[in-house]
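Inside the fold
One letter stands for each residue in the lines below.
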Amino acid sequence: MVRLAKYNAHTFIDGAICIAAACGIGSVSMSAIAVKAGAPIGSVYHRFDSRSTLLAHAWLTVKADFREQVARHWDEEDTWIPVAALLDWCRSKPVYARFLLQYEDCPDLGAPLSPELSELLEVEQARLDACFERCLLRRRADGDDAAHTLRFMLIDAPIAIVKPYLAQNKAIPAALDAILRASHDAVDALAASPH
């Protein structure tokens with residue numbers, strides 16, 4: 001009979017995400033992850049050679065989930081759809097959202113990564129960038145101003161409105177949807193008007 005591993009890579013990745021979301025990236029250590037999982041520290045090192053490798057996998061997990069749940073909607077005709085998807089994602093996966101806020105755009109993993117893992121990070125970022133580029137194309141928007149406006153509508157404004165609640169581990173009030181929708185529609189109308 002085959003003996004199944006008691007702990008797997010996902011257990012430790014989830015532990016790193018939870019610790020970072022609750023206490024900050026600086027609190028993520030191999031020993032803290034082992035404690036969180038209730039596993040021997042050797043089990044963590046058996047699957048990940050370093051803290052930076054484990055954090056890179058955590059980053060990939062969260063970023064891919066964000067892309068699949070939110071960014072894939074960026075090329076919808078109605079740009080409110082991805083904004084609503086972002087709000088839903090933050091409400092349904094606040095731990096992931098708080099983890100992503102720890103890093104913003106550029107993760108500092110604390111140590112160099114293997115070429116293979118570095119490439120995986122680059123590929124995931126390229127996939128996310130491609131989602132945004134498709135949105136720009138759909139809107140026939142070009143130039144830095146158009147990209148900044150679109151980024152504000154899809155990412156910056158929604159993140160700004162939910163960030164205080166995520167940072168304090170509070171539920172995101174339903175009333176924020178209407179506020180964000182009014183802001184979104186105003187910026188969208190401004191962007192569509194001739195200059």
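Residues numbered from 1 in each chain as written. Predicted model: local features only at pLDDT ≥ 70, side-chain atom pairs only at ≥ 80, totals over all residues. Heavy atoms only, no water.

Comments concerning the overall build of the protein chain
For the protein chain, the count of helices and strands is 9 helices and 0 strands. Starting at the N terminus, the α and β elements of the protein chain follow one another as α-α-α-α-α-α-α-α-α. Seen along its three principal axes, the alpha-carbon backbone of the protein chain occupies a region of about 65 × 35 × 35 Å. Relative to its full complement of 195 residues, the protein chain shows a buried share of 39%. Within the protein chain, counting contacts between residues at least 6 apart in sequence, those at least 24 apart form 68% of the total. Within the structure as shown, the protein chain displays about 10,900 Å² of accessible surface, and the carbon and sulfur contribution to it stands at 56%. (Helix = DSSP H or I, 4+ residues; strand = E, 2+ residues; numbered from the N terminus. Buried < 20%, exposed > 50% of the residue type's maximum accessible area, 1.4 Å probe, protein only. Contact = heavy atoms within 4.5 Å. Areas by Shrake-Rupley, 256 points an atom, 1.4 Å probe, with all protein chains shown as cover.)

Examining the UniProt feature "domain: HTH tetR-type" (unreviewed entry) in the protein chain
Mapped onto this numbering, the UniProt entry annotates "domain: HTH tetR-type" (unreviewed entry) at residues 13-57. For the annotated span residues 13-57, helix accounts for 73% and strand for 0% of the residues, and the straight-line distance between the end C-alpha atoms is 7 Å. (UniProt positions renumbered as here; feature names shortened; annotations may be inferred.)

Observations concerning the UniProt feature "transmembrane region" (unreviewed entry) in the protein chain
As recorded in UniProt, the sites labelled "transmembrane region" (unreviewed entry) are residues 12-35. Across residues 12-35, helical content stands at 75% and strand content at 0%; the span's end C-alpha atoms are separated by 10 Å.

With respect to helix 1 (residues 9-23)
Helical geometry note: an α-helix holds 3.6 residues per turn, so side chains three or four residues apart project in the same direction. Here helix 1 contains 15 residues, and its C-alpha end-to-end distance of 21 Å stays within 8% of the 21 Å for a straight helix at 1.5 Å per residue. Contacts made by the buried residues of helix 1 are with helix 2 (30-37), helix 3 (41-47), helix 4 (51-69) and helix 6 (94-103). One or two positions beyond helix 1, positive phi appears at G24, with a value near 100°. (Expected span 1.5 Å × (residues − 1).)

Quick notes on the environment of A34
In this structure, A34 sits in helix 2. In this structure, the C-alpha to C-alpha distance between A34 and F12, residues 22 residues apart in sequence, is 7.4 Å. With sequence-adjacent residues up to four places away left out, A34 is seen in contact with A39, P40, I41 and V44.

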